[in-house]
Structure formats: C-alpha cells, structure tokens
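Results of the structural survey
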Amino acid sequence: DFMALVDRQLILIEVKNYEDRYPQDQMQPSTAILNQPEYYAQQFIQKFEDSLRLVRIVQQYYQRRFWFKFWPLLIKILPTQYLKQTDWYFWNTAFQILEQQPERCHLWLWLEMGKAIDQSENEQVEQIISAQLTKHFSPNTYRTALLNQTKNAAIMGMKVRPSSAN
C-alpha cells in the first residue's frame, strides 16, 4: 500500500482493516481471517512479494533508459536536494537497499481485526501471521513487524495515529 525511504531504510507498509464498518449486514469481516490465518498470512506475504518485485521492475525500466547510464555521474554533479525530489532517486535507492543492504528493508503489516474480536483470538491470529512473515522473509534478512492501534510502538522514531473522527 505504501513505500517510504527514512534514514536510508526502505519501509513497505501493507494496511488491512477488518473492522466491521457495516454492522447492519450481520457479517463480521474478521471471521474469515480468524478461521484461516495461515491462508491470509500467505496472501499478505504475496502482497509484500509483489511490492518487492515492483521495485526490481522499476529499476529494470530505468536501466533501459539512455540517460540512466549517466546515473553515477548525475549523483556527483546534481545537488542532493534536487536528486531527492526525483522519482528515479527514490526507486534507485529502494533497489540499492534491497540488493545491497536487505537488513535495511522493513515490511510492516498494519492489521486491524476490529473491536468485536476477542483479545485472545486476536493475539493468536497475530502470532500465526507474524510467525509466517518472519519465517518467509528472514532468509533475506528483511525485518517484519505486525502493527495496529493497540500495538503501535514507535519504530524508527515514527508513530502512526488514526485521524480523529471530528
């Protein structure tokens, strides 16, 4: 859903909200994930894999551009402030982090299960999903985190807050 560069760290954020926004329909969106957390963990893994693949695809696109062959020279002659405002700086830096410093790549799953879900069920689902993410991505040394409104520790100096209702 989101990508960011913060202090030479690449952060990919996937946001999933299973809060029941339509209680009148008598359907609880989180029921499916409660019944099949392993399946949903695989879906979240695939979403992160798609985002990682996107970074590599964009890099391939830029490498086919004539002017991109001059990237090493551009870095030396163009002001850093200008470079940081360009799309190609973002994508090239993201690619370099993935390929050269994968431990600087963070995969954050923001998962809201909804208030109607029992806390113990919520924790059980989070443990299963978190374990699957860690197992899948740890060979690449990508760092994973499962976050939500109640488990929102400040990571890398950032704290996410929901917007106020008013």
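The structure this text deals with has already been given above.
An account of the accompanying structure is given in this report.

The next thing to look at is the overall build of the chain. Check the secondary structure of the chain and you find six helices and four strands. Secondary structure elements in the chain, listed N-terminal to C-terminal, are β-β-α-α-α-α-α-β-α-β. Considering the chain as a whole, with its 166 residues, one finds that 37% of them fall into the buried category. Once local pairs closer than 6 in sequence are excluded, the contacts in the chain between residues at least 24 apart make up 71%. Carbon and sulfur atoms form 52% of the exposed surface of the chain, whose accessible area is close to 10600 Å².

By the element assignment, Asn 140 lies in the loop between α6 (119-137) and β4 (143-147). Along the chain, Asn 140 and Leu 98 lie 42 residues apart, while their C-alpha atoms are 9.2 Å from each other.

The topology assignment puts Gln 59 in helix α2 (residues 37-63). According to the relative accessible area criterion, Gln 59 is buried, its value standing at 3%. Once you skip the residues sitting within four places of it in the chain, Gln 59 turns out to touch Phe 68, Trp 91, Asn 92 and Phe 95.

For the rest of this paragraph, the subject is the layout of surface pockets. The space that makes up the largest pocket amounts to roughly 260 Å³. Taken together, 14 residues form the lining of the largest pocket, with Glu 19, Glu 112, Met 113, Gly 114 and Lys 115 sitting closest to its centre. For the lining of the largest pocket, the secondary-structure elements that each account for two or more residues are β3 (105-112) and α6. The residue inventory of the lining of the largest pocket, partitioned by class, reads three nonpolar, seven polar and four charged. The calculated volume of the second largest pocket comes to roughly 160 Å³.

Rules and cut-offs
- Residues numbered from 1 in each chain as written.
- Predicted model: local features only at pLDDT ≥ 70, side-chain atom pairs only at ≥ 80, totals over all residues.
- Heavy atoms only, no water.
- Helix = DSSP H or I, 4+ residues; strand = E, 2+ residues; numbered from the N terminus.
- Buried < 20%, exposed > 50% of the residue type's maximum accessible area, 1.4 Å probe, protein only.
- Contact = heavy atoms within 4.5 Å.
- Areas by Shrake-Rupley, 256 points an atom, 1.4 Å probe, with all protein chains shown as cover.
- 1 Å grid on protein atoms, 1.4 Å probe; cavity = no way out; pocket = protein on both sides within 12 Å on 5 of 7 lines; lining within 4 Å.
- Points joined across faces, edges and corners; volume = space filled by probe spheres on them.
- Nonpolar A, V, L, I, M, F, W, Y, C, P; charged D, E, K, R; others polar.

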